[in-house]
Amino acid sequence: MPTDDPQTLVSTDWLAAHLNDPDLRIFDASWYMPDMNRDAKAEYEAAHIPGARFFDIDEISDHRSALPHMAPPVEKFMSRMRAMGVGDGHQAVVYDGLGLFSAARVWWLFRLMGKTDIAVLDGGFPKWRAEGRPVEDLPPMVRDRHMTVQRQAGLIKDVTQVAAASKLGDYEIIDARSAERFRGEVPEPRPGLRAGHIPNSRNLPFTRLLNEDGTMKDTQAVTAEFEAAGVNLSKPAITTCGSGVTAAILNLGLERIGHRNHALYDGSWAEWGMYGDLKVAKG
């Protein structure tokens, strides 16, 4: 059973107990890979946790970038949150339709914007439903709420910073993709990308941090998974994946085990795999 922490991870029991708190804001941040053939918005409209708002990861992003769902500018984040009635003084809980897949990305995004009162729902919507808890299909009542944002530049890395870290070895670069993709044995799901990984990065598929029901393993087991992947936990970490979504599960895991010095490479393989002048390692 996880220790409930409103800044990282809370259980379905915790959420059920706090469901009617006036300052609670819940987000359905479901997002799926194209090959999953699922429509996150339609599923949200059909059924969601009472009061939940739909957080559209692709829409609340930087549309000036050609890369998928890059972190939005501060102003855009603020205006979208305000329109959803989310602001200062709110406790947020974010979940997704796979258990733990895309919700951690929104947890990371809030932290990037300086908001730490946000937790991921452990086990997500599948666990909530399996336990027979309430769902609804109504849009939430929303009132505008002021939000102040302070971007935490240390939580995000760009391609130049990651290339330097790869060369210097002063950070542990941890890749959340599957072992086959990391080794370059299978083609990437996004067309036009090379196969392989960032030189000197380590592979810890995000699924290794999860139990079969989509909940996160306890802190001892999470620590053991990082160590088994060869990660030196005394060094600062940069996480990466296919497009910056599942990498955030590693950030959540690091935060849970008390490793505070971690950042996410927002471009991830969607960017690194595209440019021929960036070195790629295989095997």
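Here the structure is shown first, and the text comes after it.
Residues numbered from 1 in each chain as written. Predicted model: local features only at pLDDT ≥ 70, side-chain atom pairs only at ≥ 80, totals over all residues. Heavy atoms only, no water.

Structural notes on helix α4 (residues 103-112)
- Counted residue by residue, α4 has 10 buried out of 10 residues, so it is predominantly covered.
- Among all positions of α4, only Ala 103, Ala 104, Arg 105, Val 106, Trp 107, Trp 108, Leu 109, Phe 110, Arg 111 and Leu 112 are buried. (Buried < 20%, exposed > 50% of the residue type's maximum accessible area, 1.4 Å probe, protein only. Helix = DSSP H or I, 4+ residues; strand = E, 2+ residues; numbered from the N terminus.)

A word on the packing of α4 against helix α9 (residues 247-256)
- It is the contact of α4 with α9, at a shortest axis distance of 8 Å, that shows an interaxial angle of 65°. As the angle between them shows, α4 and α9 are arranged roughly perpendicular. Note on packing geometry: the crossing formed by α4 with α9 is left-handed. Residue-level contacts link Ala 104, Arg 105, Trp 107, Trp 108 and Arg 111 of α4 to Ala 248, Ile 249, Asn 251, Leu 252 and Glu 255 of α9. (Axes fitted to C-alpha atoms, helices over the stretch in contact; angles between N-to-C directions. Parallel < 35°, antiparallel > 145°, perpendicular 65-115°, else oblique. Left-handed = near helix turned anticlockwise from the far one by under 90°. Contact = heavy atoms within 4.5 Å.)

Quick word on empty space enclosed by the protein
- Tallied over the entire structure, the rule returns 2 cavities of 30 Å³ or more.
- Volume-wise, the largest cavity comes out at about 50 Å³.
- Asp 28, Ser 30, Tyr 32, Ala 40, Glu 43, Tyr 44, Ala 47, Gly 97 and Phe 125 are the residues that line the largest cavity.
- The class makeup of the residues in the lining of the largest cavity is 5 nonpolar, 2 polar and 2 charged.
- Considered as a void within the structure, the second largest cavity measures approximately 30 Å³ in volume.
- Forming the boundary of the second largest cavity are Phe 55, Ile 57, Ile 60, Ser 61, His 69, Met 70, Arg 105, Val 106 and Leu 109.
- Grouping the constituent residues of the lining of the second largest cavity by class yields 6 nonpolar, 2 polar and 1 charged. (1 Å grid on protein atoms, 1.4 Å probe; cavity = no way out; pocket = protein on both sides within 12 Å on 5 of 7 lines; lining within 4 Å. Points joined across faces, edges and corners; volume = space filled by probe spheres on them. Nonpolar A, V, L, I, M, F, W, Y, C, P; charged D, E, K, R; others polar.)

Let's talk about the side chain of Arg 25
- Structurally, Arg 25 can be placed in strand β2 (residues 24-28).
- For the buried Arg 25, no salt bridge is present, and the opposite-charge side chain at shortest range is Asp 23, 5.3 Å distant.
- For Arg 25, the side chain forms a polar contact with the side chain of His 90, separated by 3.1 Å.
- Each residue touching Arg 25, except ones within four places of it in the same chain, is listed here: Arg 53, Gly 85, Val 86, His 90, Gln 91, Ala 92, Val 93 and Arg 145. (Lys, Arg positive; Asp, Glu negative; His and termini not counted. Salt bridge = Lys/Arg side-chain N within 4 Å of Asp/Glu carboxyl O. Polar contact = N/O pair within 3.5 Å; in protein donor to acceptor, adjacent residues only side chain to side chain.)

Observations regarding the sheet that holds strand β1 (residues 9-10)
- Pairing is parallel across the open sheet formed by 5 strands, whose spatial order is β1-β5-β4-β2-β3. Edge positions in the sheet fall to β1 and β3 (53-54), since each has one partner strand and no second.
- With 2 bridges joining them, β2 and β3 adopt parallel strand pairing. Each bridged residue has a counterpart across the sheet, and for Phe 27 the counterpart in β3 is Arg 53.
- Packed onto the sheet, α4 meets β2, β4 (91-95) and β5 (118-121) and runs at close to 175° relative to β5. (Pairing = 2+ DSSP bridges.)

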